[in-house]
Amino acid sequence: MKITEEIMYVGVNDHEVELFEGQYLVPNGMAYNSYVIMDDKIAVMDTVDEAFGQQWLANLESVMQGRKPDYLVVQHMEPDHSANILLFLSKYPDAQVVATPQAFKMMNQFYELGPEVKQVPAANGGELVLGQHKLNFVYAPMVHWPEVMMTYESRDKVLFSADGFGKFGALDVEDDWADEARRYYIGIVGKYGAQVQNVLKKAAGLDIQIICPLHGPVLKENLGYYMGLYHTWSSYEAETEGVVVAYASVYGHTKEAALYLAEELKQKGARVAVYDLVKDDMAAAVSDAFRYSKLVMACNTYNMSINPAMNDFITRLVEHCYQKRKVAFVENGSWAPAAAKVMKAMFEKSRDIAFAENTVTILSAMKQENEAQLKALAEELTA
């Protein structure tokens, strides 16, 4: 696939993977992207997952048509992008490897480079001239590993963005970019909003016409849309006005209350997303909690604490710097309801969380007074 006349795509699609990073459901597979810049000198941008090494090398050979690469640029050391460094060097031992000093340190931790490997440390702001194409390196620490750099190619105005602007899904499957990119960003990069903001500020000073990420499609049109979403996500602002109702229920009574509240919210015109945290995709629930402006958590008391699924959900939110939201609680308990107190305490170190005035407490099963409390909560959340 041609990106420009001299920049080619040589990545692969993975339809065998079920869980990305061992935890994220990827029903549409994954793309591991790699690119080749053809000039007086040839630069290969990153490798792919280990399972696809031979396919990747075949893609490279097809594009280079008998020539040999001069450089392998390693922007990110996660194994889904770096696992074939040694395979590449076994075939092209004269190629020079370009990476940040931190990346070389990790490279030796993963793969133990021999003394014969030609290492070219990339400086922040440094340049590599291939001929007509010039690569400028932009450090992007903690987006989302410390060794990461992005690369700007100045002739065709291409940003090789490492894991930035990536998404779940193979390239031969049509799906909604924003939904899968949001789930990818929140789950994998979301903790590092401040660092993403720093990189976005650097990118604002570049004339970018094309974005080439390490996952997902090459972006060529309406780049302001993608940049805008990344600004929203990394600044932790709500993307959509609405309410997520997330529940964990044992015998169905807490679920009943959650669904009752969701219907009340819908009748008042609110946009609502409902998640059963025991059954539904946890990453999708977390993603939508960041997408929407308000969150309701309905949970049974369990061992004087909370349902394990709810514990997992809140832990993920807090670890990913959940903030700037209104949060409400619905608790259930048969003799000593404690869920609301426990859930609220878990947000103790979170910033800019506004707790709803109305907290609903159910004693075993829904009663008329609970319906009135849930109506009041719906009124507060839609006021």
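Refer to the structure printed above.
For every chain, the first residue of the written sequence is number 1, and numbering continues from 1 along that sequence. Predicted model: local features are reported for residues with pLDDT of at least 70 only, side-chain atom pairs are reported and counted for 80 or more only, and whole-chain, interface and lining totals are derived from all residues. Side-chain descriptors were evaluated using all non-hydrogen atoms of the structure, hydrogens and water having been removed beforehand.

Draft legend 1. Seen up close, the overall build of the protein chain. For the purposes of this entry, the term helix denotes a DSSP run of H or I that reaches at least four residues, the term strand denotes a run of E that reaches at least two, and both are numbered from the N terminus. The number of helices and strands found in the protein chain is 12 helices and 22 strands. Along the first, second and third principal axes, the C-alpha set of the protein chain runs to 75 × 35 × 35 Å. A burial count over the protein chain gives 56% of its 383 residues as buried. Whether two residues are in contact is decided by their heavy atoms, any of which lying within 4.5 Å being enough. Across the protein chain, the fraction of contacts at a sequence separation of at least 24, relative to all contacts at a separation of at least 6, is 70%. Summed over its atoms, the accessible surface of the protein chain is roughly 16,300 Å², and 49% of this surface lies on carbon and sulfur atoms. Positive: Lys, Arg. Negative: Asp, Glu. His and the chain ends are not part of the count. Charge positions are represented by NZ for Lys, CZ for Arg, CG for Asp and CD for Glu. Charge separation in the protein chain, taken as the distance between the mean sites of 34 positive and 51 negative side-chain charges, equals 5 Å. We call a residue buried when its accessible area falls under 20% of the maximum for its residue type, exposed when it is over 50%, and partly exposed in between, using a 1.4 Å probe and counting protein chains only. Areas reported as accessible are Shrake-Rupley estimates using a 1.4 Å probe. Residue values count occlusion only from the protein chains shown.

Draft legend 2. How the structure looks around the side chain of N370. Note that N370 resides in helix 12 (residues 368-382). In this structure the side chain of N370 is engaged in a polar contact, spanning 2.9 Å, whose partner is the backbone nitrogen of K367. Those residues within four positions of N370 in sequence are excluded, and the remaining contacts are V360, T361, I362 and A365. Within 3.5 Å is the distance limit for a polar contact, defined as a pair of N or O atoms, with the added protein rule that one can donate a hydrogen and the other accept it, and that residues adjacent in sequence qualify only through two side-chain atoms.

Draft legend 3. View of the pairing of strand 10 (residues 118-121). We call two strands paired when DSSP finds no fewer than two bridges between them. Direction of pairing for strand 9 (residues 96-99) relative to strand 10: parallel, over a ladder of four bridges. Directly across from V97, in strand 10, lies its bridge partner Q119. Whether a crossover is right-handed depends on one test, that the path from the first strand over the helix to the second runs clockwise when the strands point away from the viewer. Crossover connection from strand 9 via helix 4 (residues 101-111) to parallel strand 10: handedness right-handed.

Draft legend 4. Molecular detail of the environment of Y292. By the secondary structure assignment, Y292 is in strand 18 (residues 292-302). Considering only alpha carbons, one finds Y292 and V318, 26 residues apart in sequence, at a separation of 16 Å. Not counting chain neighbours up to four residues away, the residues in contact with Y292 comprise A238, T240, E241, G242, V243, V244, R271, A273 and R325.

Draft legend 5. View of the pairing of strand 16 (residues 240-248). By the criterion of burial, strand 16 is predominantly enclosed, with eight of the nine residues buried. The sheet contact formed by strand 16 and strand 18 spans seven bridges and is parallel. Bridge pairing links V244 to L295 in strand 18. Pairing of strand 16 with strand 17 (residues 272-276) involves five bridges; the strand directions are parallel. Counted as the bridge partner of A246 is Y275 from strand 17.

Draft legend 6. Structural view of the packing of aromatic side chains. In summary, the pairing rule links any two rings of Phe, Tyr or Trp, Trp by its six-membered ring, whose centres are within 6.5 Å, and it sorts them by plane angle into stacked for under 30 degrees, edge-to-face for over 60 and tilted for everything else. For the structure on display, the rule yields 21 aromatic pairs. Here the aromatic residues F165, W177, Y185, Y225, Y226, Y230 and W233 are joined through ring pairs into a cluster of three or more.

Draft legend 7. Quick look at the environment of A328. When you line up the elements, A328 lands in strand 20 (residues 325-333). For A328, a relative accessible area of 1% translates into the label buried. A C-alpha to C-alpha distance of 6.3 Å links A328 and L295, two positions 33 residues apart in sequence. When sequence neighbours within four positions are dropped, the list of residues in contact with A328 reads L295, V296, M297, A356 and L377.

Draft legend 8. Expanded view of the nonpolar core. If you look at the biggest cluster of nonpolar residues, it comprises 98 residues, and the most contacted ones within it are M107, M297, M310 and F313. Residue contributions to this core peak at eight residues, all from helix 5 (residues 177-189). With residues up to four places along the chain from it excluded, the contact list for F313 reads A246, L277, M282, A285, V286, A289, L295 and M297. In plain words, nonpolar cores are sets of buried Ala, Val, Leu, Ile, Met, Phe, Trp, Tyr and Cys residues tied together by side-chain atoms within 4.5 Å.

Draft legend 9. Quick peek at the packing of helix 5 against helix 9 (residues 282-291). Whenever a helix is involved, its axis is fitted only over the stretch in contact; in every case the axis is a line through C-alpha atoms, and angles between N-to-C directions fall within 0 to 180 degrees. Viewed as axis vectors pointing N to C, helix 5 and helix 9 meet at an angle of 95°, and their least axial separation amounts to 9 Å. Compared by their axis directions, helix 5 and helix 9 come out roughly perpendicular. Across the interface between the two elements, D179, R182, R183 and I186 of helix 5 pack against A283, A284, V286, S287, F290 and R291 of helix 9. For this classification, under 35 degrees means roughly parallel, over 145 means roughly antiparallel, 65 to 115 means roughly perpendicular, and everything else is oblique.

Draft legend 10. Just helix 6 (residues 193-204), in detail. Taking 1.5 Å per residue as the helical rise, helix 6 with its 12 residues ought to reach 16 Å, and the 16 Å between its terminal C-alpha atoms agrees with that figure. As for helix 6, its buried residues are in contact with strand 13 (149-153), helix 5 and helix 7 (223-234). Given the number of residues in a helix, its expected span is that number minus one, multiplied by 1.5 Å.

Draft legend 11. Looking closely at the sheet that holds strand 13. The strand order across the open sheet built from five strands is 11-12-13-14-15, with neighbouring strands paired in mixed fashion. Each of the sheet's edge strands pairs with one partner strand only, and the pair in question is strand 11 (127-129) and strand 15 (210-212). Between one strand axis and the next, the sheet turns through 20° on average, direction left out of account. When strand 14 (residues 158-160) meets strand 15, the two strands line up parallel, connected through three bridges. Within strand 15, the position partnered with F160 by the bridge is C212.

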